[in-house]
Amino acid sequence: MKKKIIKIIVLLLVFVGGVILFSSLMNHDTTENTADLENPTLPVLCIDLNGKKVDRLYGYTQAMQADFMRDTLVPLTTNREITVSMKTYDAPVDNVTYEVSTCDGKTVVENAKVGNFKEDGEYQTATFSLEQPILMNQEYSLKFTLTIGQREVYYYTRLIQRAAININEYVDFVYNFYEKCTNKEGAADLNNYIEPDETVTNSSFTSVNIHSSFEQITWGSLKPQIYRKAVPTIREINESTGSISLDYMISAVNDEGQTELYHVTEFYRMRYYQSKVLLLDFERQAVQVFEGAKGVIANSRVNLGVAKKTVQYKTNKNADIVAFVQNGDLWSYNSSADKISRAYSMRSLEEGDERDDYLGHDIKIIRVEESGDIDFVVYGYMNKDIHEGKVGISLCHYNSERNSVEEKVFIPYTKSFEFLAQDLAKLSYVNENNMLYLYLENKVYKVNLDDFTSEVILDSIDPDCFVVSTSQSKVAWMNEMSEYASTNITVMDLELEQTRGIVAADGTKIKALGFINDDFIYGVANDVDIVSDAVGNITYAMSKMEIEAFDGTLVKEYLAEGAWISQVNIQEGLIELLRVTWDGSAYVEAPTDNIMNNRQSTDDTVSVKTISSSRQGTQVALLFSKTLTNHNPLVSLAKMQVHDTATDLDINLPEQSTDDSYYVYAKGRLDGIYTKPAEAVQRADEQVGVVLNRSQQYVWERGNVVSKINLLNDDILPAFLTGTIDESALQQAVGDTARVMNLTGCTLDEVLYQVSQGRAVVARLADGTCKVIVGYDKYNTLQYVQDTGEHQYFGINDSKAMFEAGGNVFVSYVEALPVQ
């Protein structure tokens with residue numbers, strides 16, 4: 001008996017020891033090798049305008065391409081004086097210098113040290129003046145460099161010197177407006193600036209604008225308090241208008257006494273007229289910070305609170321796990337395990353500061369496994385931890401069992417987050433073989449995540465010749481990279497890592513149009529049906545459209561009987577076909593046709609649903625088709641696995657050098673990148689924005705035109721007075737002195753901006769002859785008479801009708817940057 005007792009005790013001791021050892025090993029694996037993201041360490045800069053802080057600048061620990069850093073703008077007066085404020089957050093700053101360069105970043109205008117910083121509350125402030133004169137109405141890049149111990153930290157903004165810009169009045173107005181919105185009783189005078197429209201739905205705090213009601217603009221029944229104050233960001237400024245955006249945090253208390261946080265962005269466009277500010281446009285978006293608090297699971301849904309309906313989410317195949325992105329955070333809800341996890345966040349676990357609030361990054365979910373593991377990409381500005389101050393792409397894997405995140409690779413990038421987002425929206429995909437595919441700088445990169453090697457699998461991409469499926473698992477491109485002259489197309493399955501080719505029949509061309517249900521869509525045009533006009537505008541009239549599976553199986557064929565397909569718009573569940581007919585001399589528009597997508601997936605068991613309350617208005621939820629029984633799941637915060645070695649991988653990204661890109665900025669952000677200037681101008685006009693070219697010159701600005709102008713013949717490029725409208729001939733004639741722009745499709749009002757900037761515009765008439773617009777006033781255009789050199793008046797309405805009859809075919813130019 002005694003031996004049995006001793007044996008049992010020994011077995012118990014062995015068991016307990018084994019448990020302790022196993023637990024120790026597990027804790028070592030999951031705790032000692034994981035940690036929270038380290039807090040931010042870099043100082044923050046601001047510009048001081050007349051005692052008010054504007055243009056908050058965040059630090060970069062890598063040198064960036066200054067000409068692509070356009071988040072903020074510093075307006076200068078004639079004394080060229082700048083006041084900079086620095087919030088060090090206890091970082092030991094040893095030295096501060098500045099550098100001014102041309103807007104294309106190629107020429108340094110001046111650089112010097114900034115000294116004599118003085119205490120200014122929580123800031124240190126200094127004032128300096130530029131020694132070298134700069135050109136009026138021309139942007140420059142401004143870089144501050146802080147030396148902190150052994151490293152340098154860079155801060156980027158833009159400079160512009162313009163007359164009579166009223167920036168102080170605009171800044172005062174914005175500060176006053178946003179503060180009064182949270183004080184309904186003292187906000188009555190805001191009614192003088194807004195334009196309420198009864199047709200506008202006043203139900204969502206994610207979509208408030210100048211036409212919303214006074215009640216909605218002053219936050220309805222939410223009763224918020226300003227949690228983190230705004231610092232205005234100057235986006236654009238000219239003699240006519242100014243655009244400023246705000247980024248701040250508010251808090252509100254819900255019915256259960258819990259404090260909610262909301263991230264708010266606002267955009268203001270203003271004009272100064274007769275000694276007061278007129279509000280031309282106002283937009284606000286508030287998104288609630290999701291925290292997984294009690295009550296977020298109810299009625300078989302995950303309540304995200306005040307959020308955008310376009311929430312990004314993915315599920316596993318069984319649809320009991322959903323991953324979603326909110327405010328730059330990645331969350332996962334596992335209904336089977338009754339667990340909700342914050343898989344990734346750059347937000348501080350404590351109160352944090354302005355650096356935690358900066359959403360210069362986003363997250364893209366690649367896939368959700370049945371185990372709950374998630375592959376995802378974090379891209380943009382990294383505001384903390386080992387990559388603090390860098391812009392790049394971080395490919396990560398969330399391990400659900402360990403509740404930890406491992407970074408697989410980090411790829412640095414030297415443009416702003418907005419440009420990176422434009423590229424990764426096209427393609428960022430990881431297949432089951434651990435191969436990462438990225439679209440960057442008009443190239444497709446393949447990165448092997450096992451051995452950290454990379455290669456370019458497609459180079460020199462024309463964006464108009466490259467298409468990607470919605471799942472991003474399939475891509476296709478026209479081999480010749482010619483939108484209108486391709487005879488070969490390659491389709492690639494990135495999951496299978498296989499390709500197949502499509503070859504045009506003799507006498508035809510083929511064009512990649514897109515994907516639907518991962519099936520490839522392309523058009524076929526007979527050579528004789530592809531027509532070019534005198535300017536070089538091409539009508540690509542397709543006789544048929546084909547939809548094929550990856551193996552080449554024909555899914556659908558559309559024959560354009562009695563008409564031709566000129567353009568295809570692919571939407572969810574629908575293919576819209578824009579069509580034309582031939583009238584004997586030119587193509588004319590014909591009624592559109594549609595193809596319905598009858599193969600849409602029907603097995604989605606998580607969907608987006610909106611709910612509402614009197615206090616928060618419209619809210620967004622993820623609705624499960626399955627009944628959720630647990631309404632109080634365990635909430636956990638994932639940690640990062642700590643690597644002994646860096647995961648940085650430099651794939652030698654080139655600096656983009658093409659002269660053919662046009663950038664549309666609107667409502668305080670990069671709206672789009674275009675290869676055709678006319679499309680860029682039309683988009684900017686629609687969004688009330690601006691267009692810049694690769695050299696960062698203004699190509700077009702909404703509203704910034706003089707009331708009248710009459711150009712001198714000697715100030716016009718001689719080639720544009722010849723009356724020719726051939727784009728190629730004009731470009732050859734002007735050489736490197738200017739960049740010719742085909743503005744076909746723009747309106748007369750849109751092209752008069754070029755005349756306002758001192759550039760002639762050639763316009764085609766219905767009979768094929770041309771007119772040269774050299775001036776205008778309120779009632780007329782001024783057109784150059786070739787025989788005499790005189791300028792002849794034509795009524796503005798007659799001019800519009802005349803140019804519309806000619807198809808609104810316009811050609812103008814932008815001068816090359818002057819050498820400094």
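We now turn to the structure provided with this report.

So, how was this worked out
Residues numbered from 1 in each chain as written. Predicted model: local features only at pLDDT ≥ 70, side-chain atom pairs only at ≥ 80, totals over all residues. Heavy atoms only, no water. Core = buried A, V, L, I, M, F, W, Y, C linked by side-chain atoms within 4.5 Å. Buried < 20%, exposed > 50% of the residue type's maximum accessible area, 1.4 Å probe, protein only. Helix = DSSP H or I, 4+ residues; strand = E, 2+ residues; numbered from the N terminus. Contact = heavy atoms within 4.5 Å. Pairing = 2+ DSSP bridges. Axes fitted to C-alpha atoms, helices over the stretch in contact; angles between N-to-C directions. Salt bridge = Lys/Arg side-chain N within 4 Å of Asp/Glu carboxyl O. Parallel < 35°, antiparallel > 145°, perpendicular 65-115°, else oblique. Nonpolar A, V, L, I, M, F, W, Y, C, P; charged D, E, K, R; others polar. Phe/Tyr/Trp six-rings, centres within 6.5 Å; stacked < 30°, edge-to-face > 60°. Lys NZ or Arg CZ within 6 Å of the ring centre and 35° of its normal.

**Some thoughts on the nonpolar core**
Step number 1: In this structure, Phe144, Phe177, Tyr268 and Phe720 are the most contacted members of the largest nonpolar core, which totals 150 residues.
Step number 2: In terms of residue count, helix H2 (residues 167-181) provides more of this core than any other element does, nine residues in total.
Step number 3: Each residue touching Tyr268, except ones within four places of it in the same chain, is listed here: Phe173, Val174, Phe177, Tyr178, Gly242, Ser243, Ile244, Leu246, Leu279, Asp281 and Phe282.
Step number 4: If you look at the next biggest cluster of nonpolar residues, it comprises 29 residues, including Tyr439, Phe466, Val467 and Ala512.

**Brief notes about the sheet that holds strand S11 (residues 151-161)**
Step number 1: If you trace the five strands from one edge of the open sheet to the other, you get S4-S11-S10-S6-S7, paired in mixed fashion. Of all strands in the sheet, those with a lone pairing partner are strand S4 (73-76) and strand S7 (108-113), marking the two edges. Pairwise comparison of adjacent strand axes, ignoring direction, gives a mean angle of 25 degrees for this sheet.
Step number 2: Taken together, the four bridges between S4 and S11 define a ladder with parallel strand orientation.

**What to know about the sheet that holds strand S32 (residues 466-468)**
Strand pairing in a sheet relies on backbone hydrogen bonds, with the paired strands running either antiparallel or parallel.
Step number 1: Reading across from one edge, S32-S33-S34-S35 is the order of the four strands in this open sheet, with antiparallel pairing throughout. Pairing within the sheet leaves two strands with one partner each, and these edge strands are S32 and strand S35 (498-503). When the angles between neighbouring strand axes are averaged without regard to direction, this sheet yields 15 degrees.
Step number 2: Examined bridge by bridge, strand S33 (residues 474-478) and strand S34 (residues 488-493) share five bridges and lie antiparallel to one another. Counterpart to Trp477 in the pairing with S34 is Thr490.

**As for the pattern of salt bridges**
Step number 1: Taken as a whole, this structure holds 47 salt bridges when the rule is applied.
Step number 2: In this structure, the salt-bridge partner of Lys408 is Glu406, at a minimum N-O distance of 3.4 Å.
Step number 3: Residues Glu497 and Lys446 are paired through a salt bridge, measuring 2.9 Å at the closest nitrogen-oxygen approach. One end of the pair, Glu497, is in the loop between S34 and S35; the other, Lys446, is in strand S30 (residues 443-448), with 51 residues separating them in the sequence.

**Focus on the packing of helix H8 (residues 748-756) against helix H9 (residues 796-805)**
Step number 1: Remark: H8 packs on H9, axes separated minimally by 11 Å, with the N-to-C direction vectors making an angle of 110 degrees. Taken together, the axes of H8 and H9 lie roughly perpendicular to each other. Contacts between H8 and H9 involve Leu748, Asp749 and Leu752 from the first element and Ile796, Ser799, Lys800 and Phe803 from the second.
Step number 2: Classifying every residue of the contact of H8 with H9 gives four nonpolar, one polar and two charged.

**Topic: the pairing of strand S40 (residues 544-548)**
Put simply, side chains in a regular strand alternate between the two faces of the sheet.
Step number 1: Counting buried residues in S40 gives four out of five residues, a clear majority hidden from the surface.
Step number 2: Hairpin geometry of S40 and strand S41 (residues 554-559) is characterised by an intervening segment of five residues between the two adjacent antiparallel strands and by a positive phi of about 95 degrees at Gly552.

**Notes on the packing of aromatic side chains**
Step number 1: According to the stated counting rule, one finds 31 aromatic pairs in the structure shown.
Step number 2: Centroid distance Tyr268 to Phe282: 5.1 Å. Interplanar angle 55 degrees. Geometry classified as tilted. On the criterion of sequence distance, the pair formed by Tyr268 in strand S16 (residues 259-273) and Phe282 in strand S17 (residues 276-288) is long-range, its members being 14 residues apart.
Step number 3: Owing to a relative accessible area of 0%, Phe282 belongs among the buried residues under this scheme.
Step number 4: An angle of 50 degrees between the planes, with centres 5.4 Å apart, marks the rings of Phe515 and Phe520 as tilted. Assigned by exposure class, Phe515 and Phe520 land together as buried.
Step number 5: What links up through ring pairs into an aromatic cluster is the set Tyr58, Tyr60, Tyr156, Tyr358 and Tyr381.
Step number 6: A cation sits over an aromatic face here: Lys511 above Tyr540, 5.2 Å from the ring centre.

Worth remembering: the numbers are spatial, not functional.
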